[in-house]
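# Summary of structural features
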Amino acid sequence: MSNKLERPKKIQVAGVTFTVTYPTKIDSDDSLGESNAVNRTLKIHTTQKGDEFERTLLHEIIHAALGIGGVAEILHSKAEEAVVVCLENALHSLYERRK
């Protein structure tokens, strides 16, 4: 059984289906990923592989969850990013231990 995380085309975040794309350029400056809770889309830069891909996907899923839950609306962008990075690190370390 492979532990490699496949590149999903759709993913469920808090019960909402998001479309995942893998563009060569993300709208934001030198960003590796982007989440849009309104449009229900996640973008992961096509160059992301292995552990970087897993972390970027998880990072954008967390942004999506905060957007769906309305939490992103009450946080300043720096505070939201700090929360996302904290959760990404904590959750990814749990994922790594299960491999």
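Below, the structure is looked at part by part. Owing to the predicted nature of the structure, the values given are computational and were not obtained by experimental measurement.

What counts as what
- Residues numbered from 1 in each chain as written.
- Predicted model: local features only at pLDDT ≥ 70, side-chain atom pairs only at ≥ 80, totals over all residues.
- Heavy atoms only, no water.
- Core = buried A, V, L, I, M, F, W, Y, C linked by side-chain atoms within 4.5 Å.
- Buried < 20%, exposed > 50% of the residue type's maximum accessible area, 1.4 Å probe, protein only.
- Contact = heavy atoms within 4.5 Å.
- Salt bridge = Lys/Arg side-chain N within 4 Å of Asp/Glu carboxyl O.
- Helix = DSSP H or I, 4+ residues; strand = E, 2+ residues; numbered from the N terminus.
- Expected span 1.5 Å × (residues − 1).
- Arc of directions from axis to C-beta.
- Axes fitted to C-alpha atoms, helices over the stretch in contact; angles between N-to-C directions.
- Parallel < 35°, antiparallel > 145°, perpendicular 65-115°, else oblique.
- Left-handed = near helix turned anticlockwise from the far one by under 90°.
- Nonpolar A, V, L, I, M, F, W, Y, C, P; charged D, E, K, R; others polar.

### A few points about the nonpolar core
One finds Ile 11, Val 13, Val 16, Phe 18, Val 20, Leu 42, Ile 44, Phe 53, Leu 57 and Ala 64 forming the largest nonpolar core, which totals ten residues. Sequence-distant contacts of Val 20, defined by excluding residues within four places in its chain, comprise Pro 8, Lys 9, Lys 10, Ile 11, Leu 42 and Ile 44.

### Quick notes on the pattern of salt bridges
In total, this model carries two salt bridges according to the counting rule given. Close ionic contact of Lys 43 with Glu 34 constitutes a salt bridge, the shortest N to O distance being 3.7 Å. For Glu 88, the salt bridge identified is with Arg 55, shortest N-O distance 3.3 Å. Of this pair, Glu 88 sits in helix H3 (residues 77-98) while Arg 55 is found in helix H1 (residues 50-68), placing the two residues 33 residues apart along the sequence. Note on Arg 55: relative accessible area 24%, which makes it partly exposed.

### Some points on H3
In a regular helix each residue adds 1.5 Å, so 22 residues correspond to 32 Å; H3 covers 31 Å between its end C-alpha atoms and thus fits that length. Looking only at H3, the buried set comprises Glu 80, Val 84, Glu 88 and His 92. The buried residues of H3 occupy an angular sector of 85° when the element is viewed end-on, so they sit on one face. Turned more than 90 degrees from where H3 packs its buried face, Lys 78, Cys 86 and Arg 97 sit exposed. Contact partners of the buried residues in H3: H1 and helix H2 (71-74).

### With respect to the packing of H1 against H3
Two elements in contact, H1 and H3, have axes whose closest approach is 9 Å; the angle formed by their N-to-C orientations is 130°. Relative to H3, H1 is oriented oblique. The element H1 and its partner H3 pack so that their crossing is right-handed. The segment H1 lies against H3, with Asp 51, Glu 54, Arg 55, Leu 58, His 59, Ile 62, His 63 and Leu 66 engaging Glu 80, Glu 81, Val 83, Val 84, Val 85, Leu 87, Glu 88, Asn 89, Leu 91, His 92, Tyr 95 and Glu 96. Residues belonging to the contact of H1 with H3 are distributed by class as follows: nine nonpolar, four polar and seven charged.

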